[in-house]
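Observations on the model geometry
Okay, here's what each chain looks like letter by letter:
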Amino acid sequence: MTDTPMTMDLVTDEHAGELLTLRRAAFVTEAQLYGDPNIPPLTQTLAELKADLATKGVITLGAWQGPRLVGSVRVEIEGGKATLGRLAVAPDLQGRGIGTQMLFAVLPHLPEETTEIWVFTGKDSKQNLELYTRHGYEEQYDKAAGDLTYTYLRRILGEAEARNASDAQD
């Protein structure tokens with residue numbers, strides 16, 4: 001990594017093109033792993049991404065190194081449940097802790113009533129599964145979607161995490 005400090009902030013419509021590029025670059029290895037170039041992060045259009053950024057109950061958090069978007073994660077909030085998706089890190093910076101930082105940076109953006117966080121990834125995505133389980137996510141079930149099988153993991157938030165998230169929003 002460079003000496004440029006990393007900042008975390010919400011991704012807005014003005015960064016949609018850069019976000020689309022980041023996701024496509026980051027998810028190429030997943031597509032190669034599954035032998036499927038048509039996985040959703042690679043087929044989403046700019047218009048679809050902009051619509052998602054504007055969706056109520058969805059936030060997208062970005063990690064910037066200077067002006068460069070180097071990581072992102074999408075969070076959908078439904079009542080007491082938050083679902084993380086599309087965790088992406090620029091390929092040249094993967095394995096340097098940005099994904100982990102993104103997982104923790106999400107917490108202050110969650111509503112106070114959030115009690116659990118869900119995430120899903122491809123069943124054969126060993127590195128992703130290791131990342132999530134290392135940070136307290138437990139495998140719950142697998143679900144097939146076409147030719148892909150996703151593993152769903154859940155993390156129950158403790159009182160301290162919920163309180164910290166609430167304090168950060170004040």
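Further up the page is the structure itself.
Residues numbered from 1 in each chain as written. Predicted model: local features only at pLDDT ≥ 70, side-chain atom pairs only at ≥ 80, totals over all residues. Heavy atoms only, no water.

Below, the discussion takes up the pattern of salt bridges. Under the criterion given, the structure shown has 5 salt bridges. Here Glu 76 makes a salt bridge to Arg 74, at a shortest N to O gap of 3.5 Å. Judged by relative accessible area, Glu 76 falls into the partly exposed class, the value being 29%. Each of Asp 52, Arg 74 and Glu 76 takes part in one network of salt bridges that share partners. (Salt bridge = Lys/Arg side-chain N within 4 Å of Asp/Glu carboxyl O. Buried < 20%, exposed > 50% of the residue type's maximum accessible area, 1.4 Å probe, protein only.)

Right, let's talk about the packing of helix α1 (residues 16-34) against helix α3 (residues 46-53) for a bit. For the pair α1 and α3, the least separation of the axes is 10 Å and the interaxial angle reads 110 degrees. With respect to their mutual orientation, α1 and α3 come out roughly perpendicular. Once α1 is placed against α3, the crossing between them reads as right-handed. Counting all contacts with α1, which are made through Ala 16, Gly 17, Leu 19, Leu 20 and Arg 23, the residues of α3 involved are Leu 46, Leu 49, Lys 50 and Leu 53. Each residue belonging to the contact of α1 with α3 can be placed in one class, and the counts come to 6 nonpolar, 1 polar and 2 charged. (Axes fitted to C-alpha atoms, helices over the stretch in contact; angles between N-to-C directions. Helix = DSSP H or I, 4+ residues; strand = E, 2+ residues; numbered from the N terminus. Parallel < 35°, antiparallel > 145°, perpendicular 65-115°, else oblique. Left-handed = near helix turned anticlockwise from the far one by under 90°. Contact = heavy atoms within 4.5 Å. Nonpolar A, V, L, I, M, F, W, Y, C, P; charged D, E, K, R; others polar.)

What follows covers the nonpolar core. Residues Val 75, Leu 84, Leu 110, Ile 117, Tyr 132 and Tyr 137 are the most contacted members of the largest nonpolar core, which totals 27 residues. Val 75 has contacts with Gly 57, Val 58, Ile 59, Ala 82, Thr 83, Leu 84, Val 106 and Leu 110, leaving out every residue within four places of it along the chain. Counting residues in hydrophobic clusters, the runner-up holds 20 residues, among them Ala 26, Leu 49, Trp 64 and Tyr 152. (Core = buried A, V, L, I, M, F, W, Y, C linked by side-chain atoms within 4.5 Å.)

Assignment of secondary structure puts Arg 23 in helix α1. The buried charged residue Arg 23 lacks any salt bridge, with Asp 52 as its nearest oppositely charged partner at 4.9 Å. Discounting chain neighbours no more than four positions away, the residues touching Arg 23 are Leu 42, Gln 44, Leu 49, Thr 60, Ser 72, Arg 74, Arg 86 and Ala 88. (Lys, Arg positive; Asp, Glu negative; His and termini not counted.)

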